[in-house]
Every structure is written in structure tokens, then in C-alpha cells.
Amino acid sequence: MSDIYARLKSAGFDAAFIRDAVLPEWWEDSLASVPANRAIAELLVSRHLGVPMSALADRSQPLAHLNVPHVKFKRYANSTDNRAIPSVIIAKRAAEIFIKSSRPLPGFELPTSALAIRQKILLTNRVVDLKSLLEFCWNSGVVVFHADRRSERNHKHFDGLAMFCGERPVLALGSKRDGPSWVVFHLAHELSHILRRHVRPGGDPLVDEDLKSKTDDMEERQADEDACEMLTGRRHPLINNLRLSSKRLAVVAAQTGPDQAIDPGVYTLVYARSNARWAVASEALKALNIDSGAREILQSSLRKRIDPDKLSEDSERFIAVVSPT
């Protein structure tokens, strides 16, 4: 197995990831001395990472540039960071597994604008928050999951990924943050890329490596504005009040936010952005007890849609590592 590990490492996949996510639980590297066992390992690597079997069998062939997907990278002008490519390959494979193993999904259909999405959600919810926007996505035929595992420690992950698997739109969220009010912005932003057809069936995946960074990219500005409109009703929300303490901000957000059909956590972050008071907002989110739980919300929603009987053993092992449900 040493040649496979070495060549996959040059392609961005370390041995620990291969053992944890791709190879069977019973696997020991010594088994590869038997050709039939080596063939099993090659088959699983090929299936989950998209590497051709012929390339794996040829021990002299490098794998670093095989099956690298065309990807639209955003946020960093004139820069493509190929260190994020392995994370995209992993997320794409996870998406394929989820789609194949899901219970029947609705056909894909979205309203015509971000504001129309907000209005539809508010018909049955007081605010647009992570739970309500997530349910809207699934009910609109959009698959959403959290991509948790990197392929190698020093490789880059992403905050958001929008893509199509066949005709099915998929949103993968990879932020390290676990606060629902942070993650719902990422979800709304990626949904905008689907809404505006920045991503299309048969087209390249779109990767947002870091949604905190500023950008002059038109598609990214549109997605930011759409996200704000979905969550607040305004494309450029502003809350001017520099003097609020974290405790007072928590009280105001809990009272005023829902009165304006805005989630208290989202209200808190709008205040932070308006006044550059991120530390105060962070403490307010803690006071409101809404500074964690996003991953569980995402994966709980995913669990309801997956039929365990449709999962093969190796696929179940792969997603248990990449996107634990």
C-alpha cells in the first residue's frame, strides 16, 4: 500500500483519511500483498476519490493531477488555491452518496428572488433562521449537508460549496463555526448562487473558501445581498447604536429581532457588522444561548432524508467520516 499512500498524498489525500474513510474497518495494509486484496483497495479508492483503476494499478504513475475538477473559486481575486481541490472531491462524493441513498426528494424548484424565498418561509415561520431556511431548501429539492473532514491537515477547506450532481442542486457547508446565525448566512449565500444560476447543471462547482473576506466579485456581492435579504428583508441591513453592551444587545435582539421577522442571532450579527463590534456580538450570542448547535441542526435534517437500507457498507463508512450524521 505504500505506493498508493505516497501517490495519493501528492494528490492531497493523507493515509489517515484513506484508512478512516475509504478502506474497510477490517483492513490491514499487509493484506495488500495478496493481489486480490490490493484490487479491493484500488476499487474503493477509485470509487470514492474518482481515481481511475488503471492509474492506481500502475505504481509508477503519479496521481497528483488526475481527476482534478474544474472549480470556480471565489473571494480571492485572480487566485485559485488548489489546496482546496481535495475537499471539493470529497464533498462531491458525499453528495453523490446522499442523493443515491435519500428517500424520495421533491423536484427542484425555487421562487424567482431572495425576497420571494423570505416571504414563502415567513408564511409558516416567525423568522428566517437556520432551521426554517434548511427545511425550505430540502422542500425545494436542494440537498444540504455539512462537510466536516479534511483530506489532509494542511489542506484548505471551504465555508461553502454550491454545485449540481446531475440535475440535483447541492449545498455543502464547511465552516468551522457552529453558531446557527453564522451558518444560516452561509446557507443563504450558497442558495443565492443556485437561485441566480451562478452554478448550473453540468457546470463547475462554485467554492467560497472564506466568506469573511471582502470581494469585488459581482456574483459574490449579489450572493451576499441576497443572503441579507432572505434573512432580514433588506439587501443592506444597518443597525446604528454603538453603545450597546453585550447583555443589552442580547435583550434588544431577543425583543426587536422577532418583531421585525429577524432571527435574534442574525439581528446580533447585523449589529456587529454595522458597528464593527464583533466581540460584543459574540458575548451576546452566548447570553442568548445560540452560539452553537448548527452542525446538529444540519445533520439532524439530513438524517431524516437518508434511507439506511440504501447505503452500502463502504458508502456508510465514507459519510460517517466526511459528514457524520
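Residues numbered from 1 in each chain as written. Predicted model: local features only at pLDDT ≥ 70, side-chain atom pairs only at ≥ 80, totals over all residues. Heavy atoms only, no water.

Quick question: what am I supposed to make of the overall build of the chain here?
Scanning the chain from terminus to terminus reveals 14 helices and 5 strands. In terms of overall dimensions, the chain is globule-like: its C-alpha atoms have a radius of gyration of 21 Å, near the 20 Å expected for 325 residues. With the C-alpha coordinates aligned to their principal axes, the bounding extent of the chain is approximately 70 × 35 × 35 Å. Considering the chain as a whole, with its 325 residues, one finds that 54% of them fall into the buried category. When contacts within the chain are restricted to residue pairs at least 6 apart in sequence, those whose partners lie at least 24 apart make up 74%. Accessible area for the chain stands at about 15100 Å²; split by element, carbon and sulfur atoms hold 50% of it. (Helix = DSSP H or I, 4+ residues; strand = E, 2+ residues; numbered from the N terminus. Rg over C-alpha atoms; globule rule 2.2 N^0.38 Å. Buried < 20%, exposed > 50% of the residue type's maximum accessible area, 1.4 Å probe, protein only. Contact = heavy atoms within 4.5 Å. Areas by Shrake-Rupley, 256 points an atom, 1.4 Å probe, with all protein chains shown as cover.)

Quick question: what am I supposed to make of unusual backbone geometry here?
A negative phi angle is the norm for most residues apart from glycine, just as the trans form is the norm for most peptide bonds. Although it is not a glycine, R197 sits at a positive phi angle of roughly 60°. Its place among the elements puts R197 in the loop between α8 (180-195) and β5 (206-208). Take R197: its relative accessible area is 48%, and that puts it in the partly exposed class. The backbone phi angle of A276 is positive, close to 55°, even though this residue is not glycine.

Honestly, the pattern of salt bridges in this entry has me stumped. Any pointers?
Side chains bearing opposite charge may pair, as long as their charged atoms lie close to each other. Within this structure, the stated rule accounts for 17 salt bridges. D29 is the partner of R19 in a salt bridge, and the nearest nitrogen-oxygen pair spans 3.5 Å. One end of the pair, R19, is in helix α2 (residues 15-22); the other, D29, is in the loop between α2 and α3 (35-49), and 10 residues separate them in sequence. By relative accessible area, which is 30% here, D29 ends up partly exposed. (Salt bridge = Lys/Arg side-chain N within 4 Å of Asp/Glu carboxyl O.)

Hey, could you run me through the pairing of strand β2 (residues 143-146) in this one?
Two faces belong to every sheet, and in a regular strand the side chains alternate between them. A two-sided burial pattern is seen for β2, the buried positions comprising V143 and F145 on one face and V144 and H146 on the other. Direction of pairing for β2 relative to strand β4 (residues 168-173): parallel, over a ladder of 4 bridges. Paired with H146 across the two strands is L173, which belongs to β4. (Pairing = 2+ DSSP bridges.)

Before we go on, may I ask you to explain the side chain of R38 in this structure?
Structurally, R38 is set in helix α3. A polar side-chain atom of R38 sits 2.7 Å from a polar atom in the side chain of D3. If near-sequence neighbours (up to four positions away) are discounted, R38 is found in contact with D3, I4, R7, A32, L56 and R59. (Polar contact = N/O pair within 3.5 Å; in protein donor to acceptor, adjacent residues only side chain to side chain.)

Help me out: how do you make sense of the packing of aromatic side chains in this one?
For any pair of aromatic rings, the description consists of the separation of the ring centres together with the inter-plane angle of the planes. Tallying each qualifying case throughout the model produces 6 aromatic pairs. Both rings, one in W26 and one in W27, keep their centres 6.1 Å apart while their planes meet at 50°; by these two values the pair is tilted. Arranged with centres 6.0 Å apart and planes meeting at 75°, the rings of F108 and F164 form a pair that is edge-to-face. Here F164 lies in strand β3 (residues 160-165) and F108 lies in the loop between α5 (85-101) and α6 (114-122), a separation of 56 residues in the sequence. By relative accessible area, which is 35% here, F108 ends up partly exposed. (Phe/Tyr/Trp six-rings, centres within 6.5 Å; stacked < 30°, edge-to-face > 60°.)

Looking at this structure, I do not really get the nonpolar core. What am I missing?
Note that soluble globular proteins tend to have their nonpolar side chains buried in a common cluster. By size, the foremost hydrophobic cluster in this structure holds 97 residues, and its most contacted members are F17, I18, L133, V144, F145, L191 and F318. Every residue in contact with I18, bar those within four places of it in the chain, is listed here: Y5, L8, F13, L23, V45 and L49. (Core = buried A, V, L, I, M, F, W, Y, C linked by side-chain atoms within 4.5 Å.)

Would you mind going over helix α9 (residues 218-232) with me for this structure?
Helical geometry note: an α-helix holds 3.6 residues per turn, so side chains three or four residues apart project in the same direction. The first and last C-alpha atoms of α9 sit 21 Å apart over 15 residues, in line with the 21 Å expected at 1.5 Å per residue. Most of α9 is tucked away: 12 of the 15 residues are buried. Where α9 is concerned, the buried positions are E219, E220, Q222, A223, D224, D226, A227, C228, E229, M230, L231 and T232. Capping the start of α9, D217 holds a side-chain oxygen 2.9 Å from the backbone nitrogen of E219, two or three residues further along. Remark: G233 follows α9 within two positions and exhibits a positive phi of approximately 90°. (Expected span 1.5 Å × (residues − 1).)

Explain the environment of L122 here, please?
Looking at where L122 falls in the secondary structure, it is placed in helix α6. Judged by its relative accessible area of 27%, L122 is partly exposed. Each C-alpha atom of the pair L122 and D58 lies 57 Å from the other, and the pair is 64 residues apart in sequence. Excluding anything up to four places from it in sequence, L122 contacts V127, V128 and A261.

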